[in-house]
Amino acid sequence: MTRDVLLAPVDNVRLVELCGPLDEHLRQIETRLGVEVRRRGNRFQIVGLSDAIKRAEAVLLDLYARAQHGF
């Protein structure tokens, strides 16, 4: 399954904090949750099993919200 997630409003500083250097934070999410995360700007596509996709989406949304406040 796949799910598209749009993080808004677009904020490049928050996206950098969320994704990490060379998307390292996204790779950690992939490893821990057993999903694949594809990113293009503020658009993310999560590939995996339904439950894992839901958890990964929740993590991305939460971390993006936290990045607004500097974690």
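The model shown is predicted, which means the values in this text are computed figures rather than measured ones.

Draft legend 1. Inspection of the nonpolar core at higher detail. With 17 residues, the main nonpolar core has Leu7, Leu18, Leu26, Val35, Phe44, Ile46 and Leu60 as its most contacted residues. Counting residues per element, the ones that place at least two in this core are α1 (12-19), α2 (24-33), β3 (43-47) and α3 (50-68). A total of five residues in this core trace back to one element, the largest contributor, which is α3. Beyond its immediate chain neighbours, meaning those up to four positions away, Leu26 contacts Cys19, Val37, Arg39, Phe44 and Leu60.

Draft legend 2. Structural detail: the environment of Val5. Looking at the element boundaries, Val5 is found in strand β1 (residues 2-6). Residue classification places Val5 among the buried residues on the basis of a relative accessible area of 5%. Taking the C-alpha atoms as reference points, Val5 and Glu36, separated by 31 residues in sequence, lie 13 Å from one another. When residues no more than four places from it in sequence are discounted, the contact partners of Val5 are Asn42, Arg43, Phe44, Ile46, Glu57 and Leu61.

Draft legend 3. Molecular detail of the sheet that holds β1. Spatial ordering of the open sheet is given by β1-β3-β2, a layout of three strands whose pairing is antiparallel. Bordering the open sheet on either side are β1 and β2 (36-40), each of which pairs with just one other strand. Neighbour-to-neighbour, the strand axes of this sheet turn through a mean angle of 20°, independent of strand direction. Where β1 lies against β3, five bridges are found, and the strand directions are antiparallel. The residue bridging Arg3 from the neighbouring strand is Ile46, located in β3.

Draft legend 4. Structural view of α3. Taking 1.5 Å as the rise per residue, α3 with 19 residues should run 27 Å; its terminal C-alpha atoms sit 28 Å apart, in good agreement. Within α3 the residues assigned to the buried category are Ala52, Ile53, Ala56, Glu57, Leu60, Tyr64 and Ala67. Down the axis, α3 shows its buried residues gathered within 135° of arc, on one side only. The secondary structure elements touched by the buried residues of α3 are β1, α1, α2 and β3.

Draft legend 5. Representation of the packing of α1 against α2. Running from N to C, α1 and α2 cross one another at 50°; their axes reach a closest spacing of 5 Å. Taken together, the axes of α1 and α2 are oblique relative to one another. Within the contact between the two elements, α1 uses Glu17, Leu18 and Cys19 and α2 uses Glu24, His25 and Leu26. Its residues placed into classes, the contact of α1 with α2 shows three nonpolar, one polar and two charged.

Parameters and conventions
Residues numbered from 1 in each chain as written. Predicted model: local features only at pLDDT ≥ 70, side-chain atom pairs only at ≥ 80, totals over all residues. Heavy atoms only, no water. Core = buried A, V, L, I, M, F, W, Y, C linked by side-chain atoms within 4.5 Å. Buried < 20%, exposed > 50% of the residue type's maximum accessible area, 1.4 Å probe, protein only. Helix = DSSP H or I, 4+ residues; strand = E, 2+ residues; numbered from the N terminus. Contact = heavy atoms within 4.5 Å. Pairing = 2+ DSSP bridges. Axes fitted to C-alpha atoms, helices over the stretch in contact; angles between N-to-C directions. Expected span 1.5 Å × (residues − 1). Arc of directions from axis to C-beta. Parallel < 35°, antiparallel > 145°, perpendicular 65-115°, else oblique. Nonpolar A, V, L, I, M, F, W, Y, C, P; charged D, E, K, R; others polar.

All quantities given are derived from atomic positions and should not be read as evidence of function.
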